[in-house]
Amino acid sequence: MAASINTTIIKNGRVFDPLNGIKGDAKDIFIRNGKVVTGLSGAEARDALVIDALGKTVMPGGVDSHSHVAGAKVNAGRLMRPEDHYKSARPKTAVCHSGSGYTVPSVYKQGYDYAAMGYTTVFEAAMPPLEARHTHEEMRSTPILDMGAYLVLGNNWFVMRYLKDGDIEKAAAYVAWMMRTHKAYGIKCVNPAGVENWGWAKNVHGLDEPNIHFEVTPRELIRGLAEVNEMLGLPMSLHLHANNLGHPGNWEVCRDSLMIPAGIDPRNKSEIAWGETRESAKRKQSVYLAHAQFSAYGGSSWRDFASGAPELAKYINQVDDVVIDSGSIPFGPATTMTGDGPAQHDLYMLTGQKWSNTDVELECGSGVLPLVYMKSSPVHSVQWAIGLEVLLLIDDPWKTIMTTDHPNGGIFTQYPLLISWLMSKKARDDTAKECHKWAYDRSSLGGVDREMSLYEIAILTRANPARTIGMAWRKGHLGAGADGDVTVYDIDPDGLDVSDSAALRGKLARPDYTIKDGGIVARKGEVVAVPEGRRYYCRPYFDESIEKEMMADVMDWFKYYTVGFANYPVPDKFLKNPVAIEVNRPMAVDAAATARRG
Amino acid sequence: MAEVLLKLKEKIGITVEAEVIRPDGFAGKSAAEIQALPVWQGPRKLALSELFDVELRDGASAQPGETAIFMEGDLSRVKRIGQGMKEGKIEISGSAGMHLGEEMSGGSILVKGDAGSWAGMEMKGGSIRIQGNAADHVGSAYRGSWRGMTGGEIRIEGNARSALGAGLVGGRIIVEGDVENFCGIRQSGGAIIIKGSAVRGLGAEMNGGIIAVCGSIRQFSPGFVYSTRETDPVIGEVRLEGSYSRFTGDYSLGKNVKGTLYSREG
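Reading guide: rules and limits
- Residues numbered from 1 in each chain as written.
- Chains lettered and ligands numbered in written order.
- Predicted model: local features only at pLDDT ≥ 70, side-chain atom pairs only at ≥ 80, totals over all residues.
- Helix = DSSP H or I, 4+ residues; strand = E, 2+ residues; numbered from the N terminus.
- Buried ≥ 20, exposed ≤ 12 C-beta atoms within 10 Å, placed from the backbone.
- Contact = placed C-beta atoms within 7 Å.
- Rg over C-alpha atoms; globule rule 2.2 N^0.38 Å.
- Pairing = 2+ DSSP bridges.
- Axes fitted to C-alpha atoms, helices over the stretch in contact; angles between N-to-C directions.
- pLDDT = per-residue confidence, 0-100.
- Nonpolar A, V, L, I, M, F, W, Y, C, P; charged D, E, K, R; others polar.
- Parallel < 35°, antiparallel > 145°, perpendicular 65-115°, else oblique.
- Left-handed = near helix turned anticlockwise from the far one by under 90°.
- Core = buried A, V, L, I, M, F, W, Y, C linked by C-beta atoms within 7 Å.
- Expected span 1.5 Å × (residues − 1).

### Observations concerning the overall build of chain A
Thought 1: Scanning chain A from terminus to terminus reveals 19 helices and 24 strands.
Thought 2: Projected onto the principal axes, the alpha-carbon positions of chain A cover approximately 65 × 65 × 45 Å.
Thought 3: Per-residue burial over chain A gives 58% buried out of 598 residues.
Thought 4: A separation threshold of at least 6 residues defines the contact pool for chain A, and within that pool the share at least 24 residues apart is 79%.

Listed below in C-alpha cells is the structure:
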C-alpha cells in the first residue's frame, strides 16, 4: 500500500448515524485518508488501524453548534475569574500543554476537554466584528477541534441604517463583505435593537419598539437579517438570541420573534461537496434560536416565575422552520457571557456579582458575570426544568440541539449529565427531589415521561447541530465523504440501564475512542494526539455594483471607528487550516444558469 | 501520639511548596517514607529530607488525629504547611511562610513566630494560633472570590496587615494587635474581633456577620448607620468590656444588608 494512504476500520460497533437512518445496527465504519468510505481494498484493510467496537456505541464525532470558546468576552471571563482557575489546573503531558479554568478554560484545555468527551467540532457563538482578530487568534490556538464563528450583526450601525431605509440589497452586500472581511461563518443576531439602546442605558422590550437614533425595531432587524441570510444563501440560517432574554414572561416575545422569518425559504448557495446521506443533510430552518431555556420564561416577575416552555414548544411543534438549542442548566458554577449588554446588567443588579461590560463601538456590546446555579434556589430550579422541557416537549428531535450555552448555563463537560436526564425520567425525578420544589411545581417537567434513545441523543448532539449550521456536508454523519470523526462509547445499547445515571455519565464523559479524521485523538478520556483543527468560514458574494455603493457608505462612517480601515480585516495568517466556503459566487451562479439553459 | 520532628537544615532561598507537610499526610508512614515526600523549590523537585532532618518519635501512628508535627527553624520561605489538613497538630517554633493551613478543615496549628500572607485562606474548621504577626489576606477568600473562611478559629497575638477575613462566611478571627486596610471586606457571616485598631475600609461591602474593634478606627467606612449603644457586648463566646456603638452596614452594597460593626466609645 502507498505510504500516503491512512486507513482506519471501526469494527462491529453499534452505529447510531441519524442522517443515514442507522439506528444501532452492527456495522463497520471505514475511513481512508480522513474521510469515511464505503469499503477498503484488501491491501488497504490489511494495513488499517482496526478498532474493535463490539458491543459498543459508535456515533459521529460530537458537534457543538453554540458554545463560547474564543474571543474577547471569553477571555474577559478568564481574566476576571482567578478563582475559576486555581483548582482546575491540568498538568502538561507528553502531547498536551498545561491549562486551567473550570467554567472558562484556557484555549488548550478547551480543545482537550471537548476531544476527550468525544466532540470534534465546536462553533463559537458570537464574534463581534471588531473582536474577530482576537477570536481567530484563540481558535488558531485551540487544538484538535474544527471551528468557526458567527458574526454578531443585530445591532450593527450599517445593518440598522440599511434595514431602516428598506435597502435590503445594500444590507446584503454589507453582510457579504463583512463575512469575507472577518472570516465569519454565520450571522448572529443578539437582542436586536436592544444592545444599541444599551449605549444609552436602555433596552427595548417589544418587537415593534424602535430604538434610539436608528429608530429601527427588533422585528425589522430579525426579518431583514433572515432575508439577507437567504439572499446570500449561507450554509446556516440566522442564529437568533431573542429580545428580553432572561426576563420572566419572555416566552411570548420569543415565540413572536420566531414567527417573523416565517415564509422565508432556506436556501443554501454554497459550493460544497456533500457527503452521502439518506436523509437530507440540508437545513430546513430559516431561524435557529439560541439557548431557548433563557427565552422560555413564564410569569411576570421573579415571584411568580414559572416555565413558559410548554407554550413555546407548542408553537415550535406546529412549524417546520425553527430549530432551537437548549442552553440547559446542569447546576453548579457558570460564567455568563453574552453580547446582550443590558441583560447582563440586569443580572448584575439581581446578584451583585462582579460584572464586566464592553461597548463594541459601531457594532454591538457584551457583558460577563460569574454565577452559581444552585438546586436550593427556586428560580434556578425552574431554569433547570425549562432547560430539559425545551428538549423534551418539542416532539421532533430534528428541531432541537443540546447545549448548555457554555459557559452561560453550565460547562460543556456537564453534557453527560444533561444526557442522563434526557434519557431517564428516574434521573430527573432524583434530581428534582434535591431541588427547590419550584422545579416541578412551576414547570411541566414532572409530568413528562419521555425518555430519549441513544438515536435521539445522536440527533441532538451530532446530526442536528451539523445540519442546522450547514456543516452536514462533512460533519454529524458517517456516510461516504463525511469526515472521519467518530466517537466510540463503551455503552452496549442492548444492556443499557439508563436508571444507573452515574455509570452512564461516566461512559459518556470518557468515550473509549475519539477519532478525528481517522486518527485516534483521545482514549478513555485521555488525549493521546493533538492534530490541528480546521477553521471554516464563508465567502459570500453579492452584486458588485451594489457592493461598490455600500463601500462608499462604509468609508464615510468609518471615521467613527477607533481603528484604521486597513487594520479592520482579519488577515489570512490568523487562521490555521482555513476552509473557505464560497457562497453565491457570481461565476458559479452564471455557470449554473448556463448549465440549466444548456 | 506519634511525633514527627522536622528541623530545617539550612536557610532557604527560593520558596518551597510544602503542602505535603500535614498530619494526615504523615500518618502511617515510616521516617524513610516521610523523608521521601516530594516538595517543589522553583522548578526543582526535592525530597523533604534534602531540606529537613526528619525524626520520628514513638513510631508511626496510623491515625492522623494521633500525629503531631514539630517544626524548627525559620520557615518563613516554606509555603503551604498544613494546607488542607483535617486532623492532628502542627507546631512551628519559628515563623511560617505563606498559605499556612489554607483550606484546613480540622486539627490545630501553632506558630510561635510570624505567619505569611493567606494563612487560613478559605479555612473550614480547626484552629490556627499565631503568636507573632501575620501578613495579608489571613482567613480570606482566594483572589476573585468573596467566599472566604467558613469555620474554625484564627487567633493572632500580634498585628495583621490588610484584607483580614475578606469574604468571611463563618468562624472567628481574633487579633490581639492592630489590622490595616479592608478588614472584613465583603464579609457575610462569622466574627472578627480586633483588640487593637484598624486603618480604613473596615467592613467595606459587608452584608452579614460581626466586626468589633476595641481600639480606634482611623477612617470609618461611610456606608454604616448607627443603631444603638451596647455595654459589654458578647460576640460568640467572647465578652468585650466597655461601651460600644453598634452600626449596621454596609449600605453602599444594598438596602438589605445585615453586617454589624462594633466600635468602642471614648
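Now, onward.
### Description of the overall build of chain B
Thought 1: Counting its regular elements, chain B contains two helices and 21 strands.
Thought 2: Over its C-alpha atoms chain B spans a radius of gyration of 20 Å, differing by no more than 12% from the 18 Å that the globule rule assigns to 266 residues.
Thought 3: Taken over 266 residues, chain B has a buried fraction of 49%.
Thought 4: Here the analysis covers contacts within chain B between residues at least 6 apart in sequence; of these, 37% occur between residues at least 24 apart.

### Remarks on the sheet that holds strand S17 (residues 364–373) of chain A
All names here are of chain A.
Thought 1: The three strands lie next to each other as S15-S17-S16, forming an open sheet whose pairing is antiparallel. Strand pairing shows two members of the sheet lacking a second neighbour, strand S15 (332–338) and strand S16 (356–360), which therefore form its edges. Averaged over all adjacent pairs, the angle separating strand axes in this sheet is 15°, with direction ignored.
Thought 2: Where S15 meets S17, seven bridges bridge the pair, whose relative direction is antiparallel. Looking at S17, one finds that Met337 is bridged to Val368.
Thought 3: Strand contacts of helix H11 (residues 341–351): S15, S16 and S17, with the helix running at about 35° to S17, the strand carrying the most contacts.

### A look at the confidence of the model for chain B
Thought 1: When pLDDT is averaged along chain B, the result is 96; 100% of the residues meet or exceed 70.
Thought 2: Across the whole predicted complex the pTM is 0.94, and at the interface the ipTM reaches 0.87.

### Section: the environment of A:Met550
Residue and element names in this part refer to chain A.
Thought 1: Within the fold, Met550 resides in helix H18 (residues 544–557).
Thought 2: Look at Met550 and you get buried, because 24 C-beta atoms sit within 10 Å.
Thought 3: Distance from Met550 to Asn577, taken between C-alpha atoms, is 31 Å for residues 27 residues apart in sequence.
Thought 4: When near neighbours in sequence (up to four residues on either side) are disregarded, Met550 contacts Lys170, Ala173, Tyr174 and Trp177.

### A closer look at the interface of chain B and chain A
Thought 1: Counting from both sides, the interface comprises six residues of chain B and, opposite them, five residues of chain A.
Thought 2: A breakdown of the residues in the side of chain B that touches chain A according to their chemical character gives two nonpolar, three polar and one charged.

### Thoughts on helix H4 (residues 132–141) of chain A
Thought 1: Inspection of H4(A) places A:Ala132, A:Arg133, A:Thr135, A:His136, A:Glu138 and A:Met139 among the buried residues, and these make up the whole buried set.
Thought 2: Those residues of H4(A) that are buried are in contact with helix H2 (72–79), helix H3 (107–116), strand S7 (119–127), strand S8 (146–152), helix H6 (168–182) and strand S23 (535–540) of chain A.

### Topic: the packing of helix H5 (residues 157–164) of chain A against H6(A)
To describe two helices that pack against each other, one gives the angle between their axes and the distance between the axes.
Residue and element names in this part refer to chain A.
Thought 1: At their nearest, the axes of H5 and H6 sit 8 Å apart, and the two run at 160° to each other. With respect to H6, the element H5 is oriented roughly antiparallel. Crossing of H5 over H6 shows left-handed handedness. Residues Phe158, Val159, Tyr162 and Leu163 of H5 form the contact with H6, whose own contacting residues are Lys170, Ala171 and Tyr174.
Thought 2: In terms of residue class, the contact of H5 with H6 is built from six nonpolar, no polar and one charged.

### A word on the nonpolar core
Thought 1: Of all hydrophobic cores here, the largest spans 174 residues; its most connected members are A:Ala115, A:Tyr150, A:Val175, A:Ala184, A:Leu289, A:Val390 and A:Leu422.
Thought 2: In contact with A:Leu289, other than residues within four places in its own chain, are A:Leu240, A:Ala242, A:Leu258, A:Ser295, A:Val322 and A:Ile324.
Thought 3: Core analysis: the next-biggest nonpolar cluster, separate from the first, contains 73 residues, B:Leu51, B:Ile81, B:Met104 and B:Ile194 among them.

### What about the sheet that holds strand S3 (residues 38–41) of chain B?
Residues and elements named next belong to chain B.
Thought 1: Across the sheet, four strands lie side by side as S4-S3-S2-S7; this open sheet has mixed pairing. Every other strand in the sheet has two partners, leaving strand S4 (44–47) and strand S7 (78–79) as the edge strands with one partner each.
Thought 2: Where S3 lies against S4, four bridges are found, and the strand directions are antiparallel. Bridging across to S4, Gln41 finds its partner in Arg44.

### A closer look at the packing of helix H10 (residues 309–318) of chain A against helix H12 (residues 378–392) of chain A
All names here are of chain A.
Thought 1: Following both chains from N to C, one finds H10 and H12 inclined at 20°, their axes separated by 9 Å at the closest point. Classified by the interaxial angle, the pair formed by H10 and H12 is roughly parallel. Where H10 crosses over H12, the two elements pack in a sense that is right-handed. Touching Ala309, Pro310, Leu312 and Ala313 of H10 are Ile386, Glu389 and Val390, all from H12.
Thought 2: Here the contact of H10 with H12 is built from residues that sort into six nonpolar, no polar and one charged.

### So, the pairing of strand S8 (residues 89–92) of chain B
Residue and element names in this part refer to chain B.
Thought 1: In this structure, strand S6 (residues 67–72) lies alongside S8, joined through four bridges in parallel fashion. Looking across to S8, one finds that Phe70 is bridged to Glu91.
Thought 2: Both S8 and strand S9 (residues 108–111) contribute to a ladder of four bridges, which runs parallel. Paired with Lys89 across the strands is Ser108, a residue of S9.

### Comments concerning the environment of B:Ser162
All names here are of chain B.
Thought 1: Structurally, the position occupied by Ser162 is in the loop between strand S11 (153–156) and strand S12 (172–175).
Thought 2: The exposure class of Ser162 is buried, given the 20 C-beta atoms found within 10 Å.
Thought 3: Taking the C-alpha atoms as reference points, Ser162 and Gly190, 28 residues apart in sequence, are found 18 Å from one another.
Thought 4: Other than its neighbours up to four places away in sequence, Ser162 contacts Asp136, Glu180, Asn181 and Phe182.

### What to know about the environment of A:Asn357
All names here are of chain A.
Thought 1: Tracing the backbone through its elements, the reader meets Asn357 in strand S16.
Thought 2: In sequence terms Asn357 and Ala172 are 185 residues apart; their C-alpha atoms lie 30 Å from each other.
Thought 3: Those residues in contact with Asn357 that sit more than four places away from it in its chain are Gly341, Gln344, His345 and Gly367.

### Some details on H18(A)
Side chains of residues three or four places apart in an α-helix project in the same direction, reflecting 3.6 residues per turn.
Thought 1: Along its 14 residues, H18(A) runs 20 Å from first to last C-alpha, staying within 8% of the 20 Å computed at 1.5 Å per residue.
Thought 2: For H18(A), the tally of buried residues reaches only one of 14 residues, placing the bulk of the element at the surface.

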